[in-house]
Amino acid sequence: MTSENASSVEITALGKYYNNFHALKNINLSIPAGKVTCLIGPSGSGKSTLLRCINFLEEYQEGAVEIDGQVIGLEAVGGRKMSARRLREMRRSIGMVFQQFNLWPHMTAQQNVAEALVQVQGLSKAEAARKAVAALEKVGLGDKTESFPNRLSGGQQQRVAIARAVAMEPKLMLFDEPTSALDPELVGEVLTVIKDLASEGMTMVIVTHEMGFAAHVADQVAFLEAGELVSCAPPAEIFRNPSDARIKAFLETYHARNQF
Amino acid sequence: MDIDLFVQYGPMLLRGLLNTVLCWIVGAAGGIALGFVIAVAMYYGPRPLRYVLRGYIEVIRGTPFLIQLFILYYGGPNIGLRLDPVPAGILGLIIYGSPYYAEIFRAGLQAVPRGMIEAGRAMAMSEGKILRRITLPILMVSSVPPLTNFSIILTKETAILSIVTVPELLYQVQTMSAETFAYMEAMFALALFYWGFVEVISWAGRKLEHKTNAFLSKELSA
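In this report, we go over the structure that sits alongside the text. Every chain's residues receive numbers from 1 upward, in the order its sequence appears when written. Labels are handed out in written order, letters beginning with A for the chains and numbers beginning with 1 for the ligands. The predicted origin of the model limits local features to residues at a pLDDT of at least 70 and limits the giving and counting of side-chain atom pairs to 80 or more, whereas totals for whole chains, interfaces and linings rest on all residues. Think of the side-chain values as coming from all heavy atoms in the structure, minus any hydrogens and water.

1. Description of the overall build of chain B
Next up, step 1: Looking only at helices and strands, one finds eight helices and zero strands in chain B.
Next up, step 2: Listed N to C, the secondary structure of chain B is α-α-α-α-α-α-α-α in terms of helices and strands.
Next up, step 3: For chain B, the spread of C-alpha atoms along the three principal axes comes to 70 × 55 × 20 Å.
Next up, step 4: A 1.4 Å probe rolled over the protein chains alone gives each residue an accessible area, and that area as a share of the maximum for its type sets the label: buried under 20%, exposed over 50%, partly exposed in between. Taken across its 222 residues, chain B has 46% of its residues classed as buried.
Next up, step 5: Here a residue-residue contact requires only that any non-hydrogen atoms of the pair lie within 4.5 Å. Taking contacts inside chain B between residues at least 6 apart in sequence as the whole, the part at least 24 apart equals 76%.
Next up, step 6: For every accessible area listed, the method is Shrake-Rupley and the probe measures 1.4 Å; residues are considered covered only by the protein chains on display. Summed over its atoms, the accessible surface of chain B is roughly 11200 Å², and 68% of this surface lies on carbon and sulfur atoms.
Next up, step 7: The average position of the 17 basic charges and that of the 14 acidic charges among the side chains of chain B differ by 17 Å. Numbering of helices and strands runs from the N terminus; a helix is a DSSP stretch of H or I covering at least four residues, while a strand is a stretch of E covering at least two. When charges are counted, neither His nor the chain ends are considered; positive counts come from Lys and Arg and negative counts from Asp and Glu. Throughout, a charge is located at the NZ atom of Lys, the CZ atom of Arg, the CG atom of Asp or the CD atom of Glu.

Put into structure tokens, the structure is as follows:
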């Protein structure tokens, strides 16, 4: 399914190497339009690398990532790298939120959101500022538009980062451990914002360690270990009735850690 | 100390100061511009270019300005480069300063968190826009103090231009002391002029630092 405002992603036989290290091994994964896919797994399993291959921040060597049927990063024929211009064209409809927020420190919250609206979408400064304020209001930060990032809490910074990505009206949102750098009491506010976005029908891919959140919000959960996709299934199946011993072991460790 | 001497030689010394300031402004600005281009080329450019630029930096940084200027001014005509003293002096300052400035910018570029640039890429910004809108402003925070610092060092290197007969401060002071034998007064005047000049640059550097770091200050929080 390819709807107006949501992209689908098709990952086939994806392979990624860091020199001799085989980081991703023959990954095959379908991400349907308008659905939420959570990527889980132990540290170093390759989930962030996989996510970063989807917008080609990370180059891959084998297979392909197709967005709405179009291969990203590489030319469909010949496998050469695609031009910077065409890559940017494809990235315009892909939003990304990072673990470390990556807000630009010399710009206010509002300027952070407005920047790409002006520089990439070519909006006027006034129009971009108006849209930026609206996007910040939507994530509950209408009163922080003039604040610089270093005056905001981690949770607020991440909400600005989400507003920055969403203001571009992407058809696909990538979240790379959006709550991992946050103090526990700030995780909730960010997850609430992501949950609200999910209900709007945007395609979302979320790398997370928040199992409860994944169980609640995901349409499908993909479990990776050691660069391999072990399983991709509805959350109920992964969390309640895991087929693979590696998933069981991972969840047991997770539960053991979160008991008190 | 003979104060009358300063009145008598005042205009000449001021002309010297003016030449020093002029050579410094053009030399430092040119050196900063060339240094920035070198740093960016080393950061983004292909490997062979990086090696060439690294070689340039090592050679220029490893040899004294005095000798560089000698070669440029007296050796230049051998390869058809015939320059008047002032242009030769300014070009010499630009060449001499560029590797130091390049290293300041290179270190600054490396200190810009990768995530800031990745955020720009993920937002579909072009590399040029990322450099101008994101990398450069962040880079300036760490670079302005060392830029000011080296520019101050460069003020005193301008004295070397006297060897190719640029009528800058030292040249005028040497003339004054040769004519009057008042070495003490002449050197005192020289030190005073340089000091005053450096204080102005230092003040301007602090102003610039304040401006580039504005987003770090607490008063700006809403």
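From this point, the discussion proceeds with the structure in view.
2. Digging into the sheet that holds strand β10 (residues 228–233) of chain A
All names here are of chain A.
Next up, step 1: Taken together, the six strands give an open sheet; going across it, the order is β6-β7-β8-β3-β9-β10, and neighbouring strands pair in mixed fashion. The open sheet terminates on both sides in strands that have one partner only, identified here as β6 (94–97) and β10. Shown here is a sheet whose adjacent strand axes are inclined to one another by a mean of 15 degrees, direction ignored.
Next up, step 2: DSSP-based pairing: two strands are paired if at least 2 bridges between them are found. Where strand β9 (residues 220–225) meets β10, five bridges bridge the pair, whose relative direction is antiparallel. Within β10, the residue paired with Glu225 across the bridge is Glu228.
Next up, step 3: Angular values range over 0 to 180 degrees, each being the angle between N-to-C directions of two axes fitted as lines to C-alpha atoms, with helices fitted over their stretch in contact. Against the sheet, helix α6 (residues 184–198) makes contact with β3 (36–40), β7 (172–176) and β8 (203–207), and its axis sits at roughly 150 degrees relative to β8, the strand it touches most.

3. Section: the packing of helix α5 (residues 114–122) of chain B against helix α6 (residues 127–157) of chain B
Each pair of packed helices can be summarised by the angle the axes make with each other and by the distance between the axes.
All names here are of chain B.
Next up, step 1: Contact geometry for α5 and α6: axes closest at 10 Å, N-to-C directions at 150 degrees. Considering the angle they form, α5 stands roughly antiparallel to α6. Taken as a pair, α5 and α6 cross one another with a handedness that is right-handed. Residue-level inspection shows Met116, Ile117, Gly120 and Arg121 of α5 in contact with α6, the latter providing Glu127, Ile130, Ile134, Thr135 and Ile138.
Next up, step 2: Put simply, Ala, Val, Leu, Ile, Met, Phe, Trp, Tyr, Cys and Pro go in the nonpolar bin, Asp, Glu, Lys and Arg in the charged bin, and everything else, Gly too, in the polar bin. Per-class residue counts for the contact of α5 with α6 are five nonpolar, two polar and two charged. Should an angle fall under 35 degrees it is called roughly parallel, over 145 degrees roughly antiparallel, and 65 to 115 degrees roughly perpendicular, with every other angle called oblique. Should the near helix be turned anticlockwise from the far one by less than a right angle, the crossing is termed left-handed; should it be turned clockwise, right-handed.

4. Comments concerning the nonpolar core
In globular proteins that are soluble, nonpolar side chains generally tend to be buried together.
Next up, step 1: Residues belong to one nonpolar core when they are buried, are Ala, Val, Leu, Ile, Met, Phe, Trp, Tyr or Cys, and are joined through side-chain atoms within 4.5 Å. Residues Ile11(A), Ile54(A) and Met204(A) are the most contacted members of the largest nonpolar core, which totals 132 residues.
Next up, step 2: Apart from residues lying up to four places away in sequence, Met204(A) is in contact with Lys35(A), Val36(A), Thr37(A), Met173(A), Phe175(A), Ile194(A), Leu197(A) and Ala198(A).

5. Comments concerning the layout of surface pockets
Next up, step 1: Only protein atoms enter the 1 Å grid used here, on which a cavity is any set of points holding a 1.4 Å probe that cannot leave and a pocket is any open set flanked by protein within 12 Å on both sides along at least five of seven lines; residues with an atom within 4 Å of a point are listed as lining. Grid points are joined across faces, edges and corners, and a volume is the space filled by probe spheres set on the points. For the largest pocket, the calculated volume is near 470 Å³.
Next up, step 2: For the largest pocket, the lining is made up of 18 residues, of which Glu59(A), Lys81(A), Leu87(A), Arg91(A) and Arg121(B) are closest to its centre.
Next up, step 3: Those elements that provide at least two residues to the lining of the largest pocket are α2 (84–91) of chain A together with α5 of chain B.
Next up, step 4: The element that contributes the greatest number of residues to the lining of the largest pocket is α2(A), accounting for four residues.
Next up, step 5: Tallied by class, the residues present in the lining of the largest pocket amount to six nonpolar, two polar and 10 charged.

6. Things to note about the interface of chain A and chain B
Next up, step 1: Across the boundary between the two partners, chain A contributes 26 residues, which contact 23 residues of chain B.
Next up, step 2: As a working definition, buried area equals the accessible area (1.4 Å probe) given up by two parts on being put together, with both sides summed. Surface buried jointly by chain A and chain B totals about 2300 Å² across both partners, of which 64% is contributed by carbon and sulfur atoms.
Next up, step 3: Looking only at chain A, the three residues that lose the most surface to chain B are Trp104(A), His106(A) and Gln119(A), adding up to 24% of its buried area.
Next up, step 4: By definition here, a salt bridge exists when the distance from a side-chain nitrogen of Lys or Arg to a carboxyl oxygen of Asp or Glu is within 4 Å. Linking chain A with chain B are two salt bridges, by the criterion used here.

7. Topic: the packing of aromatic side chains
Next up, step 1: Only Phe, Tyr and Trp rings are paired, with Trp represented by its six-membered ring, and only when their centres lie within 6.5 Å; those with planes under 30 degrees apart are stacked, over 60 edge-to-face, the remainder tilted. Scanning the entire structure with this criterion turns up 12 aromatic pairs over all chains.
Next up, step 2: Both rings, one in Phe36(B) and one in Phe105(B), keep their centres 5.2 Å apart while their planes meet at 80 degrees; by these two values the pair is edge-to-face. Note that Phe36(B) is positioned in helix α1 (residues 3–44) and Phe105(B) in helix α4 (residues 85–111), a separation of 69 residues in sequence.
Next up, step 3: On the accessibility criterion, Phe105(B) (3% relative accessible area) is buried.
Next up, step 4: Both rings, one in Tyr96(B) and one in Tyr100(B), keep their centres 5.4 Å apart while their planes meet at 55 degrees; by these two values the pair is tilted. On the criterion of helical spacing, the pair formed by Tyr96(B) and Tyr100(B) is a turn pair, its members being four residues apart in helix α4.
Next up, step 5: Given the relative accessible area of 7%, Tyr96(B) is considered buried.
Next up, step 6: One aromatic cluster is present, formed by Phe65(B), Tyr96(B), Tyr100(B), Tyr101(B) and Phe150(B) through successive ring pairs.
Next up, step 7: Across the ring face of Tyr18(A), the terminal group of Lys16(A) is positioned such that the distance to the ring centre comes to 4.5 Å.
Next up, step 8: Here, a charge over a ring is recorded when the distance from Lys NZ or Arg CZ to the ring centre is within 6 Å and its angle to the ring normal is within 35 degrees. Lying across the ring of Trp104(A), Arg164(A) places its NZ or CZ 4.3 Å from the centre.

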